[in-house]
Amino acid sequence: MRVEGTTDKMIDFLKKNGINLSELSRIAEIPYKLLYASVRDKNRKRELRTDEFLSICEALEVDPGTFVKEQSVK
């Protein structure tokens, strides 16, 4: 299952809170290049993988549900 918009919401959160990407990379144990490619590259073509997303949430001590866009049921 893919939840649309989670990477974008994570990007906004990181920018808004001035999170240092190098430090986050170290704490979340995600290689800096992969993290950068997902959240800072202006030509971003890489979404965060689920395990990366959850590792970041754990490192930031943020509930993953914070980044899940509510979707209407059809």
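Residues numbered from 1 in each chain as written. Predicted model: local features only at pLDDT ≥ 70, side-chain atom pairs only at ≥ 80, totals over all residues. Heavy atoms only, no water.

Undergrad: Provide a residue-level description of the pattern of salt bridges, including the pertinent values.
TA: Throughout the structure, instances matching the rule amount to four salt bridges. For Arg26, the salt bridge identified is with Glu23, shortest N-O distance 2.6 Å. Linking Arg26 with Glu23, this pair stays in helix 2 (residues 21-28), spanning three residues, or about one helical turn. For Arg26, a relative accessible area of 54% translates into the label exposed. (Salt bridge = Lys/Arg side-chain N within 4 Å of Asp/Glu carboxyl O. Helix = DSSP H or I, 4+ residues; strand = E, 2+ residues; numbered from the N terminus. Buried < 20%, exposed > 50% of the residue type's maximum accessible area, 1.4 Å probe, protein only.)

Undergrad: Lay out helix 4 (residues 50-60) with the relevant residues and their values.
TA: Those residues of helix 4 that fall on the buried side of the exposure criterion are Glu52, Phe53, Ile56 and Cys57. When helix 4 is viewed along its axis, its buried side chains cluster within an angular range of 135 degrees and face the same direction. When the buried face of helix 4 is taken as reference, the exposed residues oriented beyond 90 degrees from it are Thr50 and Glu58. Turning to helix 4, the residues buried within the fold contact helix 1 (6-16), helix 2 and helix 3 (32-39). Positive phi shows up at Glu61, right after helix 4, with a value of about 55 degrees. (Arc of directions from axis to C-beta. Contact = heavy atoms within 4.5 Å.)

Undergrad: Which residues make up the nonpolar core, and what values go with them?
TA: Grouped burial of nonpolar side chains is what soluble globular proteins tend to show. Counting residues in each nonpolar core, the largest one holds 15 residues, and the members touching the most others are Met10, Leu35, Val39, Leu48 and Ile56. Of all the secondary structure elements, the ones that give two or more residues to this core are helix 1, helix 2, helix 3 and helix 4. Apart from the residues within four sequence positions on either side, Leu35 is in contact with Leu21, Leu24, Ser25, Ile30, Arg40, Leu48 and Ile56. (Core = buried A, V, L, I, M, F, W, Y, C linked by side-chain atoms within 4.5 Å.)

Undergrad: For the packing of helix 1 against helix 4, give the residues involved together with the corresponding values.
TA: With their axes 12 Å apart at the nearest point, helix 1 and helix 4 run at an angle of 30 degrees to one another. Here helix 1 is positioned roughly parallel relative to helix 4, judged by the angle of their axes. Helix 4 is crossed by helix 1, and the crossing has left-handed handedness. Residues Thr6, Met10, Phe13 and Leu14 of helix 1 form the contact with helix 4, whose own contacting residues are Phe53, Ile56, Cys57 and Leu60. (Axes fitted to C-alpha atoms, helices over the stretch in contact; angles between N-to-C directions. Parallel < 35°, antiparallel > 145°, perpendicular 65-115°, else oblique. Left-handed = near helix turned anticlockwise from the far one by under 90°.)

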